[in-house]
Each structure stands twice: as structure tokens, then as C-alpha cells.
Amino acid sequence: SEDLWHLHAPIDAELTAPKTLTGSVTLIVPTFNESGNVAELLHRLGDALPDHLPCAVLFVDDSTDDTPAVIEKAAADHPFPVSVLHREVAEGGLGGAVVEGIKGADTDWIVVMDADLQHPPHLVPELVGEGERTGADLVVASRYIAGGSRAGLAGSYRIAVSRGATWLTKGLFPRALGGISDPMSGFFAMRRSAVTAEALKPLGYKILLELAVRCRPREVAEVPFVFQERFSGESKSTAREGMRFLAHLASLRSATPPARMIGFGLIGFSGFVPNLAALWLLTHAGMHYLPAEIVANQAGVLWNFVLIETLLFRDRRRHRHWADRVGRFALLANADLLLRIPLIAVFVARFGMEVLPATALALVTTFVLRFAATEALVYLP
Ligand code: GDD
Ligand code: MN
């Protein structure tokens, strides 16, 4: 097909090609080994897209299977232009792929959807239509408003994780996600003009979150959708993707210097000194070591608090009374300690990890969580 450019050159060289993608919508579909889905997706899109909505389909592909070839074949009798941007290096994962696609699009709208048919194709014109009608910059297909549901999210474990992640994320970004009931959705339409591509640092699956937090679209609308069963194959999400999500949250929350997070870590480490000193004093004064541990931990917490107040968040102290800050800080620091034990148990019992790496991983995880929570709950208005 003439419309199809299928490129294997390094990414920089390829960015001249998308100039051909004019029209009103670029439909960006990230693919990683979806050879069993892409033909059916194109078929259903062909039925769903009306003639009056010029739409170019752009697959951004990181596959190691024959997905690009299958797309090429299926594209031959598709009513709209179809292209594949194949990346040799899957930088940024799903989110990185979508941003590559956005950079190459110069249409009024971009729509992002998964290739596995969990996102109903017939909603593509509806998302754009809702944006045109309301003037919104961003239209999110949501599972969590009336008429939507997550029928295709298999298993109570995945549902619990998804719910927890949504709750945590909404809590960390109350303003940026104010109008978005489903910030984890991977199905949405956004005006190209509302995207500042240079500001984006995508990391993994949550590209909508990335766009909502870093680009701050002015108006947001939502359309309900029912999350379907996967058509073919399996989800590409892994436990490693979960870790990437935590790193993404931390990076979004401390959008200002990453130095802040490093400083937070160093100060936390220095807290061992007063902690151990207090432990030595208390046990030598005759206190049992268990209560002494608890009291001594507070010495470390206090030390950390004073340093973090003066060195890291000097500019953000006005939002709360100091007693409020110290209380919240101490609560988070002790919760960190409590959370670590069950986390280690999960890593060992559920994922079969050794105790030492499990402990290191738990330390890193609770550290990232505590940093994000401290910034959000102690030092933000
Ligand atoms: N290019 C590229 N690179 N595409 C990828 C990559 C990658 O590294 N990883 C996954 N994809 C593609 C898949 O091929 C698929 O088209 C789409 O991204 C979604 O991947 P799935 O593996 O099907 O994700 P999921 O079903 O577990 O998660 C979906 O639903 C979640 C809500 O429960 C995604 O839409 C998530 O973003 C969403 O949060
Ligand atoms: Mn899926």
C-alpha cells in the first residue's frame, strides 16, 4: 500500500515521515507483539470510522514478532491511511511509543487506544465528537462513570491493584486529575495543540497520567466505556511494570529537581546516627531494647524532619502549621517501617525472591512511596 511506510531506521531519521499524516485525527496504537489482534482491530475500525472523519492510523511498534507484517497486509483494504513506526529501541515502553506517535502527528486530534480490542473502536468518533462539542482539550474514556465498567479486567487481584493505584494516583495529583475519574485509562482523545511534547518524560504504561499532569489540559470531558476482554494473546504488563509505575509517580510528583529525592535519601540515611545514638543511650539507661527501638526511631525521625524542613522544603513550609507538619511527617516515617515487613513477606512468599534482594527492593519501594507521600501530604497545600 502507498500509504504505508514501514521503517526500520533509527528513530531520529524516521520523524520526517509522519508529515503525510494530515487530516483531523491521528489514531495512535502502541503495539508489542499483537499479531493476533491488529487485523481484527483494523477491520472493526474500518466499520466504525465515518467517512467525514479523516483518520490516519499510526501503529507505534516495539514488537519482536511479525506484527508489522500483519499490519501491512491488513492495511491493504483499509479505507484510511495506515502506517507503522517500528522502533528498534523500546525507550519508555508503552508511553514512550505513544509520545513518538504524538511527535509525528500534525492533525487536530490524537486518539490513543490499545491494539487488543479491550477499547471499543466504535467509541473513537464519539471521543472526538465530545471534544468538539464541549471544547475540551482532553476526552477520557472512563470505566468509572455511569455506563462504564471494567468487565474485561480479569481477577479480583488485578481489580484490587487497579483500584489501589487509581486511589493513590488521585491522592497524589488532586488538582491535575480533578476532572478525571479514570486516570489509568489508556483510551482517550486529546487536541494536538494542547500537548507540549518536549515537556513529556513518559515511563511505562500510564501515558494519560503523564499528559494530564505535565500538559495540564484546560478542559476535560469523559465518555463512559466498558473495558472488554482481550481479543487474542495476553497482557504485556509485568511486575516490573508495576515498579516502573512507582518510579513514574515519583518522577511526576517531584517534577522539580530530582536532586530533591536524592537529598531526601541522603538525609534519611544520616538519620541512622541519632537513631543508633539514642538506642545506645536508652539501653544503657536500662530500657528494654524493643521499646527503646521505637523511641530511638523517633530521634531519627526528628533529625530527618529538621533537615528536610531546612534543606529541602524551605520554600513550602507556609502551607501548614509546623505541628501539623511534624505530626504528618512522623506518621509517614513510622508507616514506612510498618509497611516494609509485609512487603518483604509478599516479595519472598509470592514472587519467590531471596530475603536480601527482597529487603533491598522493599526499602527502595517504601522510600519512593514515602518521598512521594511526604511531598504531597506534608509540603503541598
Ligand atoms: N509500542 C509498545 N511498547 N506497545 C506496548 C508496550 C511497549 O513496550 N507494552 C504494551 N504495549 C501495547 C500492547 O501491545 C497493547 O496494544 C497496549 O500497549 C496495552 O497493553 P496490554 O498489555 O494489553 O495492557 P493491559 O490490558 O494490561 O492494560 C491496559 O489497560 C489498563 C487499565 O486496566 C492499558 O491500557 C493500560 O494503560 C491501562 O491502565
Ligand atoms: Mn490489554
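Residues numbered from 1 in each chain as written. Chains lettered and ligands numbered in written order. Predicted model: local features only at pLDDT ≥ 70, side-chain atom pairs only at ≥ 80, totals over all residues.

An unreviewed UniProt entry lists the protein under the name Glycosyltransferase family 2 protein, with Streptomyces virginiae given as the organism. Among the UniProt annotations of the protein, the heading Subcellular location (unreviewed entry) holds the following wording: "Membrane". According to UniProt, the comment filed for the protein under the heading Sequence similarities (unreviewed entry) is "Belongs to the glycosyltransferase 2 family." (UniProt positions renumbered as here; feature names shortened; annotations may be inferred.)

Novice: Sorry, what's going on with the UniProt feature "transmembrane region" (unreviewed entry) in the protein here?
Specialist: In the numbering adopted here, UniProt assigns the feature "transmembrane region" (unreviewed entry) to residues 261–282, 294–314, 326–349 and 355–373. In residues 261–282, helix accounts for 95% and strand for 0%; the two terminal C-alpha atoms are 32 Å from one another. Within residues 326–349, the helical portion is 100% and the strand portion 0%, while the C-alpha atoms at the span's ends are 35 Å from each other. (Helix = DSSP H or I, 4+ residues; strand = E, 2+ residues; numbered from the N terminus.)

Novice: Looking at this structure, I do not really get helix 11 (residues 289–312). What am I missing?
Specialist: Three or four residues apart is the spacing at which side chains of an α-helix point the same way, because the helix has 3.6 residues per turn. End to end, helix 11 covers 33 Å across 24 residues, agreeing with the expected 34 Å (1.5 Å per residue, within 8%). Every buried residue belonging to helix 11 is among Ala296, Gly300, Val301, Trp303, Asn304, Phe305 and Ile308, and all of these are buried. The inward-facing, buried residues of helix 11 abut helix 9 (259–270), helix 10 (272–284) and helix 12 (322–349). (Expected span 1.5 Å × (residues − 1). Buried ≥ 20, exposed ≤ 12 C-beta atoms within 10 Å, placed from the backbone. Contact = placed C-beta atoms within 7 Å.)

Novice: What should I look at first to understand the packing of helix 9 against helix 11 in this one?
Specialist: Helix-helix packing is described using two parameters, namely the angle between the two axes and the distance between the axes. Orientation of helix 9 relative to helix 11, taken along the N-to-C sense of each, is 150°, at an axis distance of 10 Å. Taken together, the axes of helix 9 and helix 11 are roughly antiparallel relative to one another. Considering the relative orientation of helix 9 and helix 11, their crossing is right-handed. Facing helix 9, whose interface residues are Arg260, Gly263, Phe264, Ile267 and Gly268, helix 11 presents Asn304, Leu307, Ile308, Leu311 and Leu312. Class assignment of the residues belonging to the contact of helix 9 with helix 11 gives a composition of 6 nonpolar, 3 polar and 1 charged. (Axes fitted to C-alpha atoms, helices over the stretch in contact; angles between N-to-C directions. Parallel < 35°, antiparallel > 145°, perpendicular 65-115°, else oblique. Left-handed = near helix turned anticlockwise from the far one by under 90°. Nonpolar A, V, L, I, M, F, W, Y, C, P; charged D, E, K, R; others polar.)

Novice: Before we go on, may I ask you to explain the site of ligand 1 in this structure?
Specialist: In the neighbourhood of ligand 1, 23 residues make up the surrounding shell, with Pro30, Ala97, Ala115, Gly186 and Lys236 lying closest. Secondary-structure elements contributing two or more residues to the shell around ligand 1 are strand 2 (25–31), strand 3 (55–61) and helix 4 (93–103). Examining the composition of the shell around ligand 1, we find that 3 residues originate from one element, helix 4, more than from any other. Within the shell around ligand 1, the residues separate by chemical class into 10 nonpolar, 7 polar and 6 charged. (Near = placed C-beta within 6 Å.)

Novice: I tried to follow the nonpolar core on my own but got confused; where do I start?
Specialist: One broad trend across soluble globular proteins is that nonpolar side chains are buried collectively. Ranked by internal contacts, the top residues of the largest apolar core, which has 80 residues, are Leu27, Ile28, Val111, Leu127 and Phe188. Among all residues touching Val111, those that are not within four sequence positions of it are Val25, Leu27, Ile28, Val124, Leu127, Val128 and Ala189. (Core = buried A, V, L, I, M, F, W, Y, C linked by C-beta atoms within 7 Å.)

Novice: Would you explain the pairing of strand 8 (residues 220–224) in this entry?
Specialist: Moving residue by residue along a regular strand, the side chains alternate between the two faces of the sheet. Counted residue by residue, strand 8 has 4 buried out of 5 residues, so it is predominantly covered. Pairing between strand 6 (residues 138–142) and strand 8: 5 bridges, direction parallel. Pairing of Leu138 across the sheet is with Val220, part of strand 8. (Pairing = 2+ DSSP bridges.)

Novice: I keep staring at the packing of helix 11 against helix 12 and nothing clicks. Help me out?
Specialist: Direction vectors running N to C along helix 11 and helix 12 enclose 130°, while the axes themselves pass 10 Å from each other. Our classification of the angle between helix 11 and helix 12 gives oblique. In the packing of helix 11 onto helix 12, the handedness of the crossing is right-handed. Residues Asn297, Val301, Asn304 and Phe305 of helix 11 pack against Val326, Phe329, Ala330, Ala333 and Leu337 of helix 12.

Novice: What is the right way to look at the pairing of strand 2 in this model?
Specialist: Counting buried residues in strand 2 gives 7 out of 7 residues, a clear majority hidden from the surface. Bridging between strand 2 and strand 3 involves 7 bridges; their strand directions are parallel. Note on strand 3: the bridge partner recorded for Leu27 is Val57. Handedness of the crossover joining strand 2 and strand 3 through helix 2 (residues 38–48): right-handed. Sheet topology note: the strand 2/strand 5 (residues 109–112) ladder contains 4 bridges and is parallel. The partner of Thr26 across the bridge, within strand 5, is Ile110. (Right-handed = clockwise from strand over helix to strand, strands pointing away.)

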